[in-house]
Amino acid sequence: MPSISQQTILEEIEKQRVAKTRVSPTSQLSTAIKKIAQQDAGEAVDIITYVKAPWGLNENPYPIQLFMLKLIYGIALDDKEPIIPIHDRFRENIQHAFTEAEFLEFLYRNKRCNLSPEDHEQRLGQKRTQVIFRIGRRGTKTTLSQWIAAYEVYKLLRQYSPQQYFKVRADQPIRLTLIATSETQAQKLLGPARSAIKRSPVLKQYVDKRGDSASKIKLNTQRNLDMGIGPESGLELLASPCSARALRGDSNIMVLLEEYGFFNWELQDSNKSDRQVYTAVAPSTADFTDPITRKPVGMVMIISTPLTRESHMFELEDNIWNGKEPQGLILWLPSYWINQLIPPEKLKSDWERDHLGFSQEYEAEYLDSVESAFSKEMLEAIRVDSASGSPIPTADETTWMGVDLGLKNDGTSIAIVATNQNGYNRLIHRENIRMDLPGYESYIAMDQLGQPLDYLDIAKVAARIDHLWGYYGCMGGIYDQWNAFGLQSHLKSRARDALAHIEFNASNNDRVARNTISMIQQQRVVIYAPEEDWNNEQSLLWELNHLQRLQTSGDPPKIKIQASNIKGRHDDQYSALSRALWSSKIGTELHNVPISSASNPMRDKIAKSLRERAETLRAPRTTDRSVPRNMRRGKPGW
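Residues numbered from 1 in each chain as written. Predicted model: local features only at pLDDT ≥ 70, side-chain atom pairs only at ≥ 80, totals over all residues. Heavy atoms only, no water.

1. Thoughts on the overall build of the protein chain
Then, number 1: In terms of regular secondary structure, the protein chain is built from 24 helices and 22 strands.
Then, number 2: The proportion of buried residues among the 638 residues of the protein chain is 54%.
Then, number 3: Taking the contacts inside the protein chain whose residues are at least 6 apart along the sequence as the reference set, 69% of them involve residues at least 24 apart.
Then, number 4: When the accessible surface of the protein chain is totalled, it reaches about 28400 Å², and 48% of it is carbon and sulfur. (Helix = DSSP H or I, 4+ residues; strand = E, 2+ residues; numbered from the N terminus. Buried < 20%, exposed > 50% of the residue type's maximum accessible area, 1.4 Å probe, protein only. Contact = heavy atoms within 4.5 Å. Areas by Shrake-Rupley, 256 points an atom, 1.4 Å probe, with all protein chains shown as cover.)

This is the structure we're talking about:
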């Protein structure tokens with residue numbers, strides 16, 4: 001039979017697809033196609049060739065992406081040209097330039113990869129079947145996932161009958177399952193993989209249009225096409241949320257868990273917990289062994305940003321490091337080493353907003369589930385001695401209130417911040433009303449006989465809020481409606497309408513906490529406090545310095561700042577301050593914004609108050625309320 005070029009075959013396949021016709025099974029061209037299809041899987045091109053080839057995915061990977069793929073599939077590393085640049089944290093300067101072999105040595109020495117160059121050399125040609133890529137945010141995780149999924153499909157379809165090749169049941173599909181934190185995220189993960197398959201000249205001819213949906217793509221094998229049967233016993237690429245019940249039982253040649261670090265680790269034995277999901281899917285790859293090499297080829301791959309050391313992902317990594325998974329591969333890379341398109345400005349902004357969050361999200365560092373929220377160094381940078389400050393707002397400042405109301409078993413804390421036009425805040429008033437603190441007697445509730453009770457009187461607390469609201473001319477504020485039921489009915493001042501009551505659920509707590517962290521790290525808030533407050537357990541400084549930062553799972557993860565459960569610890573003053581700062585942020589964003597554009601009741605109330613106070617703010621003050629504009633020890637904007 002005369003030779004037929006691969007390009008001729010691909011062109012003819014495309015013609016058949018367009019014409020919706022099939023060549024005769026006995027034709028010379030059909031025989032050539034089948035001959036290619038029936039070649040052993042070992043004769044398929046390697047993943048690097050397939051990703052880059054015009055007849056494959058026609059992609060142009062970054063050098064470090066090529067290196068990552070080579071580690072998985074046991075491809076020899078280059079040791080001649082320094083092609084992998086390593087940038088600093090903000091991608092402003094190149095710190096090193098490595099060959100691929102040098103880069104692996106560098107990673108191994110720095111505990112970023114469990115493979116030494118010698119380990120890799122000894123296992124050339126062997127695929128790693130337990131892979132954990134710990135990669136930071138925007139580290140091209142989805143791109144890598146789609147390339148690997150498309151390549152695995154390509155290798156399977158090189159076989160005339162993949163089921164016969166692997167000696168698995170002929171009447172069931174071979175599956176590749178992509179799992180994410182939610183159904184929506186799983187479908188977003190499948191989308192690029194489907195696109196990669198459908199743009200590949202080799203693969204798109206096998207796609208079954210009836211089995212192509214947001215959660216699934218089905219592919220025929222050449223055997224099924226020749227026999228005129230459907231794709232039910234072909235290949236399936238599935239998108240699935242993290243649910244052990246839904247995933248158990250199916251055989252998979254590949255399971256890819258994206259953002260596995262954010263599966264629900266704290267739910268423990270729940271159907272949706274990380275451990276249960278992994279236990280359900282990991283055994284499903286055991287059916288697939290290469291009939292020639294007798295090596296396992298079923299792969300479980302985790303590509304994820306990490307969360308905490310209490311997550312199952314950390315335990316799996318630990319098992320690989322300790323040699324319990326001989327086919328295991330760990331690779332830990334910050335995203336700014338991989339993705340050459342992350343702007344330095346974005347990296348700097350996110351670093352300034354939250355150092356700890358940056359180390360987890362971009363640098364792929366594991367966090368403890370409980371961290372200290374604010375270090376002494378962070379707080380000292382925003383502390384100004386009490387004698388240097390003025391409690392009076394200036395003409396260009398607006399004032400905002402935060403309230404954490406507690407009547408029994410806890411205290412009421414009130415904070416007022418003054419915000420200038422540049423978004424810098426001064427904490428100009430704070431007070432704590434609690435049964436174990438001096439001054440609570442003025443707020444104690446009385447029974448009908450005039451005897452004191454063991455809780456605060458909500459009407460007396462409301463009167464205090466009214467007084468402070470008017471005295472400082474507060475524009476807006478927030479309190480928690482869950483803990484302060486009935487407060488609004490006792491308010492008499494404009495606080496009745498402008499002090500917003502919202503539910504502090506996980507999402508709201510996360511927003512408020514991140515805003516407070518950002519303002520403290522960027523030194524956009526001043527706290528007036530004497531040096532001795534560091535040793536005063538009732539002071540705001542001491543409380544802030546002893547708060548915990550908790551991180552939960554989910555996508556995206558949530559953070560919460562709270563007091564530890566050690567007796568005598570409180571977070572009332574933090575709650576009040578954080579709510580005042582959040583009111584300030586929202587109010588600043590809504591300045592001169594029509595009420596109709598606000599998106600929730602809290603914004604509505606602040607926007608309304610802004611509009612009502614606009615003319616008053618523009619009018620000159622009749623009294624001298626000035627404060628030195630450079631009070632913040634060299635910080636601009638005052």
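2. Here we look at the environment of D208
Then, number 1: On the secondary structure map, D208 appears in strand β5 (residues 207–212).
Then, number 2: The class for D208 is buried, based on a relative accessible area of 8%.
Then, number 3: Separated by 26 residues in sequence, D208 and G234 place their C-alpha atoms 9.8 Å apart.
Then, number 4: A distance of 3.1 Å separates a polar atom in the side chain of D208 from a polar atom in the side chain of R210. (Polar contact = N/O pair within 3.5 Å; in protein donor to acceptor, adjacent residues only side chain to side chain.)

3. Things to note about the side chain of Q573
Then, number 1: Mapping Q573 onto the fold places it in helix α23 (residues 572–589).
Then, number 2: The residues contacting Q573, other than those within four sequence positions of it, are S413, R430, N432, Q538, S539, L540 and E543.

4. Let's talk about the pattern of salt bridges
Then, number 1: Considering all chains together, one arrives at 28 salt bridges under this definition.
Then, number 2: Residue R137 is joined to D350 by a salt bridge in which the shortest nitrogen-to-oxygen separation is 3.7 Å. With R137 in the loop between β3 (130–135) and α7 (141–157) and D350 in helix α15 (residues 344–353), this pair connects stretches of sequence that are 213 residues apart.
Then, number 3: A salt bridge links D212 to R194; the nearest nitrogen and oxygen atoms lie 2.7 Å apart. Pair noted here: D212 is in strand β5 and R194 is in helix α9 (residues 183–198), with a separation of 18 residues, a long-range link. (Salt bridge = Lys/Arg side-chain N within 4 Å of Asp/Glu carboxyl O.)

5. A word on the nonpolar core
Then, number 1: Counting residues in each nonpolar core, the largest one holds 82 residues, and the members touching the most others are F67, F103 and F133.
Then, number 2: For this core, the element with the most residues is α7, which contributes 10 residues.
Then, number 3: Excluding anything up to four places from it in sequence, F133 contacts M68, I72, M301, I302, I303, S304, L329 and L331. (Core = buried A, V, L, I, M, F, W, Y, C linked by side-chain atoms within 4.5 Å.)

6. Quick look at the sheet that holds strand β4 (residues 174–180)
Then, number 1: A sheet is described by the order of its strands in space; here eight strands give the open sequence β5-β6-β7-β4-β8-β9-β3-β10, paired in mixed fashion. In this open sheet, the two edge strands, each paired with only one partner strand, are β5 and β10 (328–333). Strand-to-strand, the axes of this sheet are offset by a mean angle of 15 degrees, without reference to chain direction.
Then, number 2: With respect to the sheet, helix α4 (residues 63–73) is in contact with β3, β9 (299–304) and β10, its orientation differing from that of β10 by roughly 165 degrees.
Then, number 3: Across the sheet, α9 lies against β4, β5, β6 (216–219), β7 (235–241) and β8 (252–258), angled at about 155 degrees from β7, the strand it touches most. (Pairing = 2+ DSSP bridges. Axes fitted to C-alpha atoms, helices over the stretch in contact; angles between N-to-C directions.)

7. A look at the pairing of β8
Then, number 1: Of all seven residues in β8, seven are buried, a share of seventy percent or more.
Then, number 2: As paired elements, β4 and β8 share five bridges and run parallel to each other. In the strand pairing of β8, R175 is matched with N252.
Then, number 3: Note: β8 against β9, five bridges, orientation parallel. From the neighbouring strand, V255 faces β9, where its bridge partner is V300.

8. Focus on the packing of α4 against helix α5 (residues 100–109)
Then, number 1: At a minimum axis separation of 11 Å, α4 and α5 run at an interaxial angle of 75 degrees. As judged from the angle between their axes, α4 and α5 are roughly perpendicular. In contact with P63, I64, L66, F67, K70 and L71 of α4, α5 contributes E100, F103, L104 and L107.
Then, number 2: The residue makeup of the contact of α4 with α5, split by class, is eight nonpolar, no polar and two charged. (Parallel < 35°, antiparallel > 145°, perpendicular 65-115°, else oblique. Nonpolar A, V, L, I, M, F, W, Y, C, P; charged D, E, K, R; others polar.)

9. What to know about the pairing of strand β18 (residues 474–480)
Then, number 1: The buried count for β18 comes to seven of seven residues, which makes it a mostly enclosed element.
Then, number 2: Bridging between β18 and strand β19 (residues 499–502) involves four bridges; their strand directions are parallel. Across the sheet, the residue bridging to D480 is I502, located in β19.

10. Overview of α7
Then, number 1: For α7, with 17 residues, the first-to-last C-alpha span of 25 Å sits near the 24 Å given by 1.5 Å per residue.
Then, number 2: Counted residue by residue, α7 has 15 buried out of 17 residues, so it is predominantly covered. (Expected span 1.5 Å × (residues − 1).)

11. Quick word on the sheet that holds strand β15 (residues 425–433)
Then, number 1: Strand order in the open sheet formed by seven strands is β12-β20-β15-β14-β13-β18-β19, with mixed pairing between adjacent strands. Two strands in the sheet have a free side with no partner beyond their single neighbour: β12 (383–384) and β19.
Then, number 2: The strands touched by α23 are β13 (398–404), β14 (412–419), β15, β18 and β20 (525–528); relative to β13, the strand with the most contacts, the crossing angle is about 140 degrees.

12. Description of the side chain of E236
Then, number 1: Structurally, E236 is set in strand β7.
Then, number 2: Look at E236 and you get buried, because its relative accessible area is 6%.
Then, number 3: Beyond its immediate sequence surroundings of up to four residues, E236 is in contact with P173, I174, R175, L176, K216, I217 and K218.

13. What to know about unusual backbone geometry
Then, number 1: Although it is not a glycine, N58 adopts a positive phi angle of roughly 55 degrees.
Then, number 2: With respect to the secondary-structure elements, N58 resides in the loop between α3 (47–52) and α4.
Then, number 3: Backbone geometry at K167 places phi at a positive 60 degrees, although glycine is not the residue there.

14. Some points on the confidence of the model for the protein chain
Then, number 1: Across the protein chain, the average pLDDT comes to 80, with 80% of residues at or above 70.
Then, number 2: Across the protein chain, the element-wise mean pLDDT spans from 47 in helix α2 (residues 28–37) up to 95 in α5.
Then, number 3: Across residues 17–27 the pLDDT falls below 50, and counting only partners more than four positions away or on other chains, this stretch makes 11 contacts in the model.
Then, number 4: For the stretch residues 31–42, pLDDT sits under 50, and the model shows 25 contacts to residues farther than four places along the chain or on other chains. (pLDDT = per-residue confidence, 0-100.)

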